[in-house]
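Fold and geometry: a report
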Amino acid sequence: VLAAAKKAAKKAISKPRRDLRDLPTVTIDAASTTDIDDALAVLPAGPDGALRVLVSIADVDALVPEESPVDDEAKRRGTSVYLAGRVLPMLPDVLSGGALSLLEGADRPALTVEMRIDPEGRVTSVDLSETLIRSHARLTYDAVEELFSEGKSDAVPAAVVDTLRWLRTAAARLSAVRAARGGVDLAREEAYVSLDTETREPISIAPRPESEA
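Just so it is clear, the structure is predicted and the values come from calculations on it, not from any experiment. (Residues numbered from 1 in each chain as written. Predicted model: local features only at pLDDT ≥ 70, side-chain atom pairs only at ≥ 80, totals over all residues. Heavy atoms only, no water.)

**Considering the nonpolar core**
So the rule is basically this: Residues enter a nonpolar core if they are buried and are Ala, Val, Leu, Ile, Met, Phe, Trp, Tyr or Cys, with the set joined through side-chain atoms within 4.5 Å. In this scheme, a residue with accessible area under 20% of its type's maximum is buried, one over 50% is exposed, and one in between is partly exposed, where area comes from a 1.4 Å probe on protein chains only. Counting from the N terminus, the helices are DSSP H or I runs at least four residues long and the strands are E runs at least two residues long. When checking whether two residues touch, look at their non-hydrogen atoms; a contact exists if any pair is within 4.5 Å.
Counting residues in each nonpolar core, the largest one holds 19 residues, and the members touching the most others are V26, V53, L139, V156 and L164. The set of elements that each furnish at least two residues to this core consists of β2 (26–29), β4 (51–58), β7 (107–117), β9 (137–140), α4 (141–150) and α5 (161–180). Setting aside chain neighbours within four positions, we find V156 in contact with L139, A143, V144, L147, V161 and L164. Membership of the second largest hydrophobic core comes to 10 residues, among which are L20, L23, I36 and A41.

**Some details on the environment of D154**
Note on placement: D154 falls in the loop between α4 and α5. Put simply, D154 and E201 are 47 residues apart on the chain and 32 Å apart in space, counted from C-alpha to C-alpha.

**Points about the packing of aromatic side chains**
Cut-off, in case you're wondering: Side-chain rings of Phe, Tyr and Trp (the six-membered ring for Trp) are treated as a pair once their centres are within 6.5 Å; stacked means planes under 30 degrees apart, edge-to-face means over 60, and tilted covers the remaining angles. Any Lys NZ or Arg CZ found within 6 Å of a ring centre and within 35 degrees of that ring's normal is scored as a charge over the ring.
Evaluation of the coordinates by the stated rule reveals 0 aromatic pairs. The aromatic ring of F148 is capped on one face by R168, whose charged end is 4.5 Å from the ring centroid.

**A few points about the side chain of E114**
Just so we agree on the cut-off: Throughout this description, a polar contact denotes any pair of N or O atoms lying within 3.5 Å of each other; where both atoms belong to protein, one of them has to be capable of donating a hydrogen while the other can accept it, and for residues adjacent in sequence the pair is counted only when both atoms sit in side chains.
Mapped onto the elements of the fold, E114 is located in strand β7. Here the side chain of E114 touches R18 through a polar contact of 2.8 Å, side chain to side chain. Apart from the residues lying within four places of it in its own chain, the contact partners of E114 are R18, R52, V53, L54, S125, V126 and D127.

**Concerning the packing of α4 against α5**
Definition in use: Whenever a helix is involved, its axis is fitted only over the stretch in contact; in every case the axis is a line through C-alpha atoms, and angles between N-to-C directions fall within 0 to 180 degrees. Angle categories are assigned with fixed cut-offs, so that under 35 degrees is roughly parallel, over 145 is roughly antiparallel, 65 to 115 is roughly perpendicular, and the rest are oblique. Note on residue classes: Ala, Val, Leu, Ile, Met, Phe, Trp, Tyr, Cys and Pro are nonpolar, Asp, Glu, Lys and Arg are charged, and everything else, Gly too, is polar.
Running from amino to carboxyl end, α4 crosses α5 at an angle of 80°, the nearest separation of the two axes being 11 Å. Considering the angle they form, α4 stands roughly perpendicular to α5. On α5, the residues that touch V144, L147 and F148 of α4 are V161, L164, R165 and R168. Of the residues belonging to the contact of α4 with α5, the class tally is 5 nonpolar, no polar and 2 charged.

**So, the pairing of β4**
The condition is simple: Two strands are counted as paired when DSSP detects at least two bridges linking them.
Both strand β3 (residues 38–43) and β4 contribute to a ladder of 6 bridges, which runs antiparallel. From the neighbouring strand, V42 faces β4, where its bridge partner is V53. Sheet topology note: the β4/β7 ladder contains 8 bridges and is antiparallel. Looking across to β7, one finds that V55 is bridged to V113.

Put into structure tokens, the structure is as follows:
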């Protein structure tokens, strides 16, 4: 699987795609996440005040041919299963945590949707394209929340601070429109189970509330 993935990855990167590698792009996940499959970028507001937000997902189809053995097994599994201290991935780890994972500094084939969001929070255009992206920072929710609440975070590179602030603006615009439509925000918390490093027995359960990040 690893050899086939490397061969397919090389072919996918050489395929004509919209090149977004120079656009500051970030991933934001839990610190424990290994299969990093989505990334964000934004073009700052122009004279009309509109933002262009780019959401990219790993292009699995570029490395996993339809009806291939890996594709058939992924269909049978249906989804990745997350357990305390362990993940049973839908795709082999060499793909989900390696060749397809949007790792910082790595060129990756992706599918990118570019949305134009006007100052009133309306999405006025949507474009989808096959792209080649490069993550400029692998961020965690805690680091981004620290930046938003404290104004700085040592875990957030200076090169992507403006990107996060513009993404925050875009999120605020979309949230305002959603609220005006009658959208409901549900208060919820995840339970995070900590395991003993040696015995792998559960030693604590802590709530993980949602944050602005």
